[in-house]
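Okay, here's what each chain looks like letter by letter:
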Amino acid sequence: MEPLYKLDDLAELRRLQWQARLSLQLGPDPHPLTSPMFLRDFLASKLPVLDVHSDCASHELLEVGSQSYYTEHQNFLSLTCNRCRYHFHITNDSQHVESWGTEHRHHMLVSCGERSTYRAGAKAGKSPYDDTTSHARFICVAGDCLFNIKIDVVPWRLSPVDVAKLSDKNRVEKNLRLALAEDEIRYSGLKSATNLGSEGILRTYLTDALKKNLDAPLMVNKRNKRFFVSMRSDFDALLRFLGFYEGIDPSTGEECWYIPPPEQEKEPTRVRTLRARMEDAVMELEILFAGGNTVNAWEKLLATFQADYPTASTPNLAFISTVSDDDLNLLGCLAHYPPEFFSWAAILLSKRRPRDRNEYLDAGLRCIANHSEDASIEIIMYRSRFDNATPMEIKVEEAYEFFNASPDSGMTSDWFLARYYEMAKSYAPDEFKAQALQQLEAIGNHLGRDIVSELDPKILGHAEIPGLALSGSSGTMSLSAAANFLEVEPSYTAEIIRDFVERLIRKDNIDRGRVIEALNVLSDHKRKLENPEEANELQKIAEFVKETDFMPMLIPQPHSAPILLTLPVTPPGLKNIGNTCYLNSLLQYFYNVKVVRDIVLNFDDVKLELDEETVARRRTGGNGTSVNLEEAIVARQFVEMLQGLFADLQTTAQIAAQPSQKLANTALSSARDILDRQSQNIPPPLPARPSPAPPAIPQANNDNGVSGQVNVTVESVNDKLELASSQSSQTLVDESEDVVMANTESKTPNEDTPVSQSNDVKMEDVAESSSLDAKFAEVSRRLEHSDRSGTAQQDVGEIIGNILEHFMRAIRSDGPMGLSELSGLQADKITETFFTTIVNYTIKTKKGQPTNGSVTPIEENPVNVEIVPERWITAYPEEVSETSEGTNNNADGASNARCTLVEALDRYFSYEPIDDGNRARYSSIRSLPPILHICIQRSTPKGKNKNPVIIPEVLYLDRYMEAKDGYPVWIARKRTWALKERLKELGTKIHPSNQKSKANQGPEVWANAVDPEFKDFQMMDAQELQNTTVAAIEKSKQESHLDKPFLDDIGLQAKDELSNTLDPIESILSKMSKATLDSPADEPLSDKLGDILWETASPLDVGTLEEVLELRQKEETTFDSMKSEKYAIHAVICHRGGTAAGHYWVWIRDFKRNVWYRYNDETVTEDSRGTEAVLDDLNQTGDPYYVAYVRDEMKDDLVDVPQRQKPEAADPSTTTHETPTVQEVETIEGVMPELI
């Protein structure tokens, strides 16, 4: 049998393989896969280049036998998933397959760029029955093998809505009742809907149409009894999709459906035809309603993917379970492979992508472990060839690989010229030629010959070769040389090139003349591409480099941002319209949150109605703030402006969209600020957030000053302070105005929880009786009015409060908050998504216990319980040093006092004694939101705290959850608090004399270390020194006896042996007497005393250090088994600069593609290194300021990175038909045409 679908010729296959190799060599995320893993990822919907919009995590594929076929060089499989009902057309091409061997143990498949996602009818000349939504092609890059495979994705033919209607018996019964009511005589024979299944009738219509092979259409009268009851008009859209069309019965004049004859039955059926669409629908009906009449396609899948492989001779399941998924994904291998497969894959990928050689080889060695010495040695021997490779040598190796050669192959410059001409004729795009010229230049440098200058454009039939245009300034630098020198691509925008140039000119000994020359070459190139705006910007940059040491800021030009052709899937950026980097970061973050995006884009479904009565009932946020009509208008206009921006982000083909000035003005301020504003010339001051304040303590009313009642409150704060977390302090901008937090009102549990009522704010120049339209106009005028572009430098924490405020005031309530204590508060999509319920406890401690800060004296008797719904949780870094901002211990202003995020959060939830130890306070989490925001408190009185906070990829929050006395979480929290207090205490007891060598310390340090009260001992005589020493040693012995109740509480045994390590007093006195007698006249007696004290204190300090290590280990492992509240990192908003000025950007994680995007105003860059690498970089600095985590099990439902949308295409099913000639056939009622 001949292949039904065209096979590509050898030249085209080589072109596709080159495209795949180029993607693997230079692409940001090439994702190579051996055939078995390729099949596994396909079945699990994990191929990133295929857009399968179903929730099916494991396809169970059934063969559509009438459409599949198998030949010597081509298999075509038509498949339907038994679970999601998606259809897949898989074609392999095995014309030029290399046999398995040491150089080709399996196929290593890479996407070859033949990929598209489109809608029906979007492509010119496309069949009206082509419903393909995604297409990808992969080709082998191992050796000379050209095995390749194509996959087309086609969604279900029967939509979920249609399936639900087909299964709905009540719908049929309802239709029967309607039919009897309309014409009881006609439908009297249909007394029951039991045998009137819609799915059976539809299947009969389709199978008859497929089997009859008629030349004229079949006809079904719409008043046919069985059709009228089972189908009626419920499936009109489905019938049209399946090719049916409406007409008039010529014999009766009544409405009817025509079923057009599909293409004549052939074997196999061609896909993308009406017959194939009908067959697919029948297949889905079999899956849904028949069962058992389908064929599993597993064996044919294995054959088509050529996915069989030999497993390890002695599989070690324990070892397989330890192989890292990251290593397997990097190598494109399965864990069951024999060891030699891992070494082969690692070496092959190292050759194809030299820049990541070490990563591939290391992964191969880890996968092999100790299971094959031969396989490990193979990798080690290969690696030894590159142990001392320089970056230039790696670049040369990449250039040789580009031309499918190697540096030791002996190829001459003439061979590379011929190879370039051959490839350039086959791969016409200028993108290839520009890339090839760069590689030729690297090879020429290696060979000592200017190959690029020897190229002859006439050989290619062009007047000139793209990339060879010379700079007008020097006439010597080619485009590829200019791009290489600046480390950019010629297609980069001026803004991106500017960033590279800025970094380049900061290097020592950089040739600024060459920088200017390269910029001029790129400017000329842009001008030839008819992009004068970009050319002019590059010329300006060149002029600035020539005249100054600074780089120019590009002036934003609305509606003129160029398209970044090299990164078509990169999300669009946002233009900075003047100090709006903080706003751009937040808007990009919220755009990636599905709940927020749905609110904005489907605002009509959730918006708050703007009438006085409805608005008056609305209460927002964690303190039940009332809303007035003007504030609701501000909020609505904000969301409507954001709706326009989000729509632009969805559809723009430019590198960036531009927020409006009105949107920036609204986000800058709260509604109160906007409505109170008297002068538009001076921006209103923004409040500084209050420092953490203790909850209100009731008046003492018993002997111990402890109330006998428990007070429960919902925190009430004024409107401005409600914008910030109650646990936060300053913003990252200097503020001169102090704002005092309102007092917390304490109520007993049986009193109603108060809900704060904000004072209504009215616009002074709008009359109370003004119409709604007039109020809209006045609010809009205030929002639009601005005498300059941009806004003041502002803090993300304040702005995120404003944005959330606007969202909540713009949407309806979803009812009361779920917790009974918060019954006076209203929930909405914002509070349900972002708000954490914090409980602040004030408790009394046990009487008669020492108030040394340990947790032992806690008595489980709360005095005050304060419930606070918070927008974020605050994390506190290590405190900054005494030096002022910008003068700390390194250039970035950080003191390098690092801590983990958990340690920073511990300071928020810490146990804190107050009132001389009679009371204490701490906080717990009562409920967590799906998305958790954490603000790292960077502002301090000393300036910005730039100490790094180590952000983990996964955060477990069980340790902070509220729990009853005796529950494991509560016991663990008590123990951890005790451990922290003990560690703090021990930190003051370790003698400095044991922290540094005796040679570097004076004896006065050792003596003062024992007790600082003993000073000026150098003036003492021998007897006084003896008395001083005895007192100091007795004190150390007393302190070495640890508090047993404390130790019992934290699960440690007392270390009484520490005190036993001290020499007896008599022995020490004897030593001192001998020292007094033997001391030379020129050596002070105090020096001898220092020696004795150091020797005496040393054993005690060693024991203390051992205890510190033990306590720290115990503290770090206390919560290891508690991992229910699991959150995954999603976004990190960063700030660089000081408290008065700086720059914001945001990192956002794409869980679907496993990459990160860095949104820096207009510039959006993709980082495919992985989360660990991104966080490692961020954790080195004090830049991270605001962190977003999502519930791990919900992350795919909560966040994603929206892709740019394509225009909707016309639906081919709407094509009109003329009424055809009808062929009369014998019929069965309800199945075949019936003339009634």
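What counts, and where the lines are drawn
- Residues numbered from 1 in each chain as written.
- Predicted model: local features only at pLDDT ≥ 70, side-chain atom pairs only at ≥ 80, totals over all residues.
- Heavy atoms only, no water.
- Helix = DSSP H or I, 4+ residues; strand = E, 2+ residues; numbered from the N terminus.
- Buried < 20%, exposed > 50% of the residue type's maximum accessible area, 1.4 Å probe, protein only.
- Contact = heavy atoms within 4.5 Å.
- Areas by Shrake-Rupley, 256 points an atom, 1.4 Å probe, with all protein chains shown as cover.
- Axes fitted to C-alpha atoms, helices over the stretch in contact; angles between N-to-C directions.
- Parallel < 35°, antiparallel > 145°, perpendicular 65-115°, else oblique.
- Left-handed = near helix turned anticlockwise from the far one by under 90°.
- Nonpolar A, V, L, I, M, F, W, Y, C, P; charged D, E, K, R; others polar.
- Patch = residues over 30% accessible without salt bridge, like charges linked within 9 Å, V, L, I, M, F, W, Y side chains within 5 Å.
- Salt bridge = Lys/Arg side-chain N within 4 Å of Asp/Glu carboxyl O.
- Lys, Arg positive; Asp, Glu negative; His and termini not counted.
- Charge placed at Lys NZ, Arg CZ, Asp CG, Glu CD.
- Phe/Tyr/Trp six-rings, centres within 6.5 Å; stacked < 30°, edge-to-face > 60°.
- Lys NZ or Arg CZ within 6 Å of the ring centre and 35° of its normal.
- Core = buried A, V, L, I, M, F, W, Y, C linked by side-chain atoms within 4.5 Å.
- Pairing = 2+ DSSP bridges.
- Expected span 1.5 Å × (residues − 1).
- Polar contact = N/O pair within 3.5 Å; in protein donor to acceptor, adjacent residues only side chain to side chain.
- pLDDT = per-residue confidence, 0-100.

1. Notes on the overall build of the chain
Of regular secondary structure, the chain possesses 40 helices and 35 strands. With 1236 residues in all, the chain has 53% of them scored as buried. Within the chain, residue pairs in contact and separated by at least 24 positions form 74% of the contacts whose partners lie at least 6 positions apart. Here the chain displays about 55,400 Å² of accessible surface, and carbon together with sulfur accounts for 49% of that area.

2. Remarks on the packing of helix α12 (residues 339-352) against helix α14 (residues 373-384)
Interhelical geometry of α12 versus α14 gives an angle of 15 degrees and a closest axis separation of 8 Å. In this view, α12 runs roughly parallel relative to α14, as classed from their interaxial angle. In this structure, the crossing between α12 and α14 has a hand that is right-handed. The residues of α14 that touch α12, namely those facing Pro339, Glu340, Ser343, Ala346, Ile347, Ser350 and Lys351, are Ala375, Glu378, Ile379 and Tyr382. Split into classes, the residues belonging to the contact of α12 with α14 amount to 6 nonpolar, 2 polar and 3 charged.

3. Observations concerning a negative patch on the surface
Together, Glu103, Glu340, Glu373, Asp374 and Glu378 make up a region of like negative charge exposed at the surface. Ranked by the residues each element gives to the negative patch, the list is headed by α14, at 3 residues. On the secondary structure map, Glu378 appears in helix α14.

4. Some words on the pattern of salt bridges
Within the structure shown, the criterion is met by 42 salt bridges. For Glu12, the salt bridge identified is with Arg15, shortest N-O distance 3.0 Å. Of this pair, Glu12 and Arg15 are both found in helix α1 (residues 10-26), 3 residues apart, which corresponds to roughly one turn of the helix. A salt bridge links Arg157 to Asp131, with the shortest nitrogen-to-oxygen separation between them at 2.2 Å. Of the two residues, Arg157 is situated in the loop between β8 (148-154) and α3 (160-167) and Asp131 in the loop between β6 (108-111) and β7 (134-140); the sequence distance between them amounts to 26 residues. Each member of the pair, Arg157 as well as Asp131, is classed as buried.

5. Focus on the packing of aromatic side chains
The tally for this structure, following the rule as stated, stands at 29 aromatic pairs. Taken together, a centroid distance of 5.4 Å and an interplanar angle of 55 degrees make the contact between Tyr589 and Phe590 tilted. A relative accessible area of 2% means that Tyr589 is categorised as buried. Their ring planes at 80 degrees and their centres at 5.7 Å tell us that Trp872 and Tyr1186 sit as a pair that is edge-to-face. Remark: Tyr1186 occurs in strand β35 (residues 1184-1191) and Trp872 occurs in the loop between β21 (858-870) and β22 (873-875); sequence separation between them is 314 residues. Here Trp872 and Tyr1186 have matching classes, each one buried. One aromatic cluster in this structure is built from Trp18, Tyr400, Phe402, Phe403, Trp415 and Phe416. The residue whose ring lies beneath Arg514 is Phe485, and the NZ or CZ to ring-centre distance is 5.3 Å.

6. Section: the nonpolar core
Judged by nonpolar contacts, the single largest core of 68 residues is most densely connected at Phe38, Phe42, Phe88, Ile90, Leu301, Phe305 and Leu331. Residue contributions to this core peak at 8 residues, all from α12. Counting residues in each nonpolar core, the second largest holds 61 residues, with Val593, Val600, Leu649 and Tyr1186 among its members.

7. Some remarks on the sheet that holds strand β11 (residues 255-259)
The sheet built from 3 strands is open, its strands ordered β9-β11-β10 with antiparallel pairing. Of all the strands in the sheet, just β9 (218-221) and β10 (245-248) have a single pairing partner and so form its edges. The mean inter-strand angle of the sheet, taken between neighbouring strand axes irrespective of direction, is 40 degrees. As paired strands, β9 and β11 are joined by 4 bridges and run antiparallel to one another. Pairing of Met219 across the sheet is with Tyr258, part of β11.

8. Side note on the pairing of strand β20 (residues 836-845)
When you tally the buried positions in β20, you get 10 out of 10 residues, the bulk of the element. Where β20 and strand β25 (residues 919-927) come together, 8 bridges link them in antiparallel fashion. Paired with Val839 across the two strands is Ser924, which belongs to β25.

9. Section: helix α9 (residues 298-305)
Buried within α9 are the following residues: Leu301, Leu302, Thr304 and Phe305. Looking at the residues trailing α9, positive phi occurs at Gln306, about 50 degrees.

10. Let's talk about unusual backbone geometry
The peptide bond linking Glu267 to Pro268 adopts the cis configuration, its omega dihedral lying at 5 degrees. Inspection of the secondary structure puts Pro268 in the loop between β11 and α8 (274-290). Its identity is not glycine, yet Arg85 carries a phi of approximately 65 degrees, on the positive side. Topologically, Arg85 is positioned in the loop between β4 (74-81) and β5 (87-93). Under the relative-accessibility criterion, Arg85 is labelled buried at 8%. Within the chain, Ala369 stands out as a residue other than glycine whose phi angle is a positive 55 degrees. Mapped onto the elements of the fold, Ala369 is located in the loop between α13 (357-368) and α14.

11. Some points on the environment of Ala978
By the secondary structure assignment, Ala978 is in helix α32 (residues 968-987). Note on Ala978: relative accessible area 0%, which makes it buried. Counting along the chain gives 67 residues from Ala978 to Tyr911, while the straight-line C-alpha distance between them is 9.2 Å.

12. Side note on helix α5 (residues 198-212)
Look at α5: 21 Å from first C-alpha to last across 15 residues, which is about the 21 Å you get at 1.5 Å a residue. Asn213 sits one or two residues past α5 and shows a positive phi near 55 degrees.

13. Structural notes on the side chain of His107
Structurally, the position occupied by His107 is in the loop between β5 and β6. A distance of 3.5 Å separates the side chain of His107 from the side chain of His104, its partner in a polar contact.

14. Overview of the pairing of β11
Of all 5 residues in β11, 4 are buried, a share of seventy percent or more. Of the pairings in the sheet, the one linking β10 to β11 comprises 4 bridges and is antiparallel in character. In the sheet register, Tyr245 faces β11, and the bridge partner there is Tyr258. Hairpin connection between β10 and β11: a loop of 6 residues separates the two successive antiparallel strands, and Gly253 in this loop has a positive phi of roughly 75 degrees.

15. What to know about the environment of Trp1156
Position of Trp1156 relative to the elements: it lies in strand β33 (residues 1155-1160). Look at Trp1156 and you get buried, because its relative accessible area is 1%. Residues Trp1156 and Ala1131, spaced 25 residues apart in sequence, show a C-alpha to C-alpha distance of 9.0 Å. Apart from residues no more than four positions distant in its own chain, Trp1156 is found in contact with Ile1129, His1130, Ala1131, Trp1147, Ile1148, Arg1149, Thr1165, Glu1166, Asp1167, Gly1170, Thr1171 and Val1174. For Trp1156, the side chain forms a polar contact with the side chain of Thr1171, separated by 3.0 Å.

16. Overview of the confidence of the model for the chain
Residues with a pLDDT of 70 or more make up 67% of the chain, whose mean pLDDT is 74. Every residue in residues 462-475 is under pLDDT 50, and counting partners more than four places away or in other chains gives 41 contacts. With pLDDT under 50 throughout, residues 1040-1062 is counted as low confidence; its partners more than four residues away or in other chains account for 42 contacts.

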